[in-house]
Amino acid sequence: MNRLPVALLAVALGLPATAMAQSGPTFTLIAGGDTSVSGDVHKGAIAPIADLGGLNPDLAGVSAELRIGARSYDKIYGKATNFGVEMAWPMASGEVFGQLLSTRTGSGSTQVGGAYVPALETTLPVYGRFEGYKALSLEGGYRHFFGTGKVRPYVAGRIGTTKVDSIKATFTIPDAAIALNDVPFFDGGWLFSGGADLGLLWSVSEKTSLGLEVGARYHGNISDDDSALGGLGLASINDTGKRTSYPVNLRLQVRF
C-alpha cells in the first residue's frame, strides 16, 4: 500500500483529537423564547350533528352543524419559553454538540369556530381551551466559528428528535350550555426535529463566554387521539401538529 495516503489518513483522523486536546469540552446553559411562524394546532372541518340532545338534554331534537376553522400555534399559544443544557467538544474550526432543550407554553384558548343552528337561524360561537405545549428535544450538530477573536460569529446545523407530551382540550358552546371537558386531542410521542442557527459568542474570561443565538426549527406531526373527536365527526382536525419556529436564546458557556 502507498504510504502517502496512509500518512494523510492518519493526519486527518488525528486532527479532531489534536484540536480537542488543545482545549476541553464546554458546558452551556440556555434560556430564551420560541415563536411559531407556521403550523396548526388543528385543521378546519364541518360536521353535522343530528341531535344536540346528546350534549345537552334540553336541546333534544335540535340539529346543528359544527363549523371548525384551522387555528395556528401562534393563535392558540403565542410565544413558548426555552430552557436547556448543552455539551460541546472543540474541533479544528468549530465544535460538535449535543443539546437537551425543554420548550413549554401555558394553556391556550381561542374561538375555534361556530355551531350553526338552523332552528334558530344563527351561529353560536365554539371555544377551545388546550393544555400547554410541552416538548423535550434531544439534538446534535456542528457549530462553525468565523474567526478566533474575543467575539466570534458562527453558524450551526442540528438534527434530532423531540418528545411532545399528550394534550387534552376542552370545547364549549356557552350559548347552548354545552361543554366537552378534557377531550383527548394529541397522543404525543417522539417526532423528527432539526434546524439551523446564527449566533455570536463573546468571551468574557478565559473560561466563560456569553452568546446570543437566533435559529429556525422544524418539528414533525404529532400523533393524534380520535377517541372522542371521532364521535363528533371531527376526527380529521388533529391530523396535524407540525410546526416551524424561530427560537431566540441566550447562552452562558463555561469551558472545563
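The model shown is predicted, which means the values in this text are computed figures rather than measured ones. (Residues numbered from 1 in each chain as written. Predicted model: local features only at pLDDT ≥ 70, side-chain atom pairs only at ≥ 80, totals over all residues. Heavy atoms only, no water.)

Observations concerning the sheet that holds strand 15 (residues 208-219)
How we decide: Strand pairing follows a simple DSSP-based rule, namely that at least 2 bridges must link the two strands. For helices the rule is a DSSP run of H or I covering at least 4 residues; for strands it is a run of E covering at least 2, with both sets numbered from the N terminus onward. Axis angles are defined between N-to-C directions and span 0 to 180 degrees, where every axis is a line fitted to C-alpha atoms and, for a helix, only to the segment in contact.
Spatially, eight strands are ordered 1-6-7-10-11-14-15-16 in a closed barrel, and the strand pairing comes out antiparallel. On average, each strand axis in the sheet is tilted by 25° relative to the strand beside it, whichever way the strands run. Note: strand 1 (residues 26-38) against strand 6 (residues 80-90), nine bridges, orientation antiparallel. Bridge pairing in strand 6 places Gly-33 opposite Thr-81.

What about the pattern of salt bridges?
Where we set the bar: By salt bridge we mean one thing: a side-chain nitrogen of Lys or Arg within 4 Å of a carboxyl oxygen of Asp or Glu. The buried label applies to any residue whose accessible area, calculated with a 1.4 Å probe on protein chains only, is under 20% of its type's maximum; exposed applies above 50%, and partly exposed to all values in between.
Applying the stated criterion across every chain yields a total of 12 salt bridges. A salt bridge links Glu-65 to Arg-67; the shortest N-O distance between them is 2.7 Å. With a relative accessible area of 25%, Glu-65 lands in the partly exposed category. Owing to a relative accessible area of 37%, Arg-67 belongs among the partly exposed residues under this scheme. Across the pair Arg-158 and Glu-213 runs a salt bridge whose closest N-O atoms are separated by 4.0 Å. Of this pair, Arg-158 sits in strand 11 (residues 151-164) while Glu-213 sits in strand 15, placing them 55 residues apart in sequence.

So, the environment of Asp-165
Put simply, the test is: We call two residues contacting when some pair of their heavy atoms lies within 4.5 Å.
Mapped onto the secondary structure, Asp-165 falls in the loop between strand 11 and strand 12 (167-173). What makes Asp-165 partly exposed here is its relative accessible area of 32%. Here the alpha-carbon distance between Asp-165 and Asp-187, two residues 22 residues apart in the chain, equals 7.4 Å. The residues contacting Asp-165, other than those within four sequence positions of it, are Lys-134 and Gly-188.

What about unusual backbone geometry?
Its identity is not glycine, yet Ala-177 carries a phi of approximately 55°, on the positive side. Following the sequence through the fold, Ala-177 ends up in the loop between strand 12 and strand 13 (178-186). A positive phi angle, close to 50°, is found at Asp-182, a residue other than glycine. Within the secondary structure, Asp-182 sits in strand 13.

A look at the sheet that holds strand 8 (residues 108-117)
Strand order in the open sheet made by the six strands is 3-4-8-9-12-13, with antiparallel pairing throughout. The open sheet has two edge strands with one neighbour each: strand 3 (45-49) and strand 13. Taken over all neighbouring pairs, the strand axes of this sheet differ in orientation by 25° on average, direction set aside. Note that strand 8 and strand 9 (residues 122-130) share nine bridges and pair antiparallel. For Tyr-116, the partnering residue across the bridge sits in strand 9 and is Thr-123.

Concerning the packing of aromatic side chains
Heads up, the condition is: Between the rings of Phe, Tyr and Trp (Trp by its six-membered ring), a pair exists once the centres lie within 6.5 Å; its type follows the angle of the planes, with under 30 degrees stacked, over 60 edge-to-face, and the other angles tilted. In this analysis the charged atom, NZ for Lys or CZ for Arg, is taken to sit over a ring once it is within 6 Å of the ring centre and within 35 degrees of the ring normal.
All chains considered together, the criterion is met by nine aromatic pairs. Ring geometry for Tyr-77 versus Tyr-133: centroids 6.4 Å apart, planes at 55°, classification tilted. Of the two residues, Tyr-77 sits in the loop between helix 2 (73-76) and strand 6 while Tyr-133 sits in the loop between strand 9 and strand 10 (134-145), which places them 56 residues apart along the sequence. Tyr-133 matches Tyr-77 in its accessibility class, with the two residues each being buried. An angle of 50° between the planes, with centres 6.4 Å apart, marks the rings of Phe-171 and Phe-185 as tilted. On the criterion of sequence distance, the pair formed by Phe-171 in strand 12 and Phe-185 in strand 13 is long-range, its members being 14 residues apart. A relative accessible area of 11% places Phe-171 in the buried class. Taken together through their ring pairs, the aromatic side chains of Phe-130, Phe-171, Phe-185 and Phe-186 make up a single cluster. Directly above the ring of Phe-97 sits Arg-143, whose terminal nitrogen or CZ lies 4.3 Å from the centroid. It is Arg-143 that lies over the ring of Tyr-154; its NZ or CZ is 5.2 Å from the centre.

Brief notes about the confidence of the model for the chain
The criterion, for reference: pLDDT expresses how confident the predictor is about each individual residue, on a scale running from 0 to 100.
Overall, the predicted model of the chain reaches an average pLDDT of 91, with 91% of residues at or above 70. pLDDT under 50 marks residues 1-22. Its contacts with residues more than four places away, or in other chains, come to nine contacts.

Focus on the nonpolar core
Looking at soluble globular proteins, one finds that nonpolar side chains tend to be buried together. To be explicit about the condition: Take the buried residues of types Ala, Val, Leu, Ile, Met, Phe, Trp, Tyr and Cys, join any two whose side-chain atoms come within 4.5 Å, and each joined set is a nonpolar core.
With 34 residues, the main nonpolar core has Phe-130 and Phe-185 as its most contacted residues. If you list the elements that add at least two residues to this core, you get strand 3, strand 4 (64-68), helix 2, strand 8, strand 9, strand 12 and strand 13. Apart from residues no more than four positions distant in its own chain, Phe-130 is found in contact with Val-41, His-42, Ile-76, Tyr-77, Ser-107, Gly-108, Val-112, Lys-168, Ala-169, Phe-171 and Phe-185.

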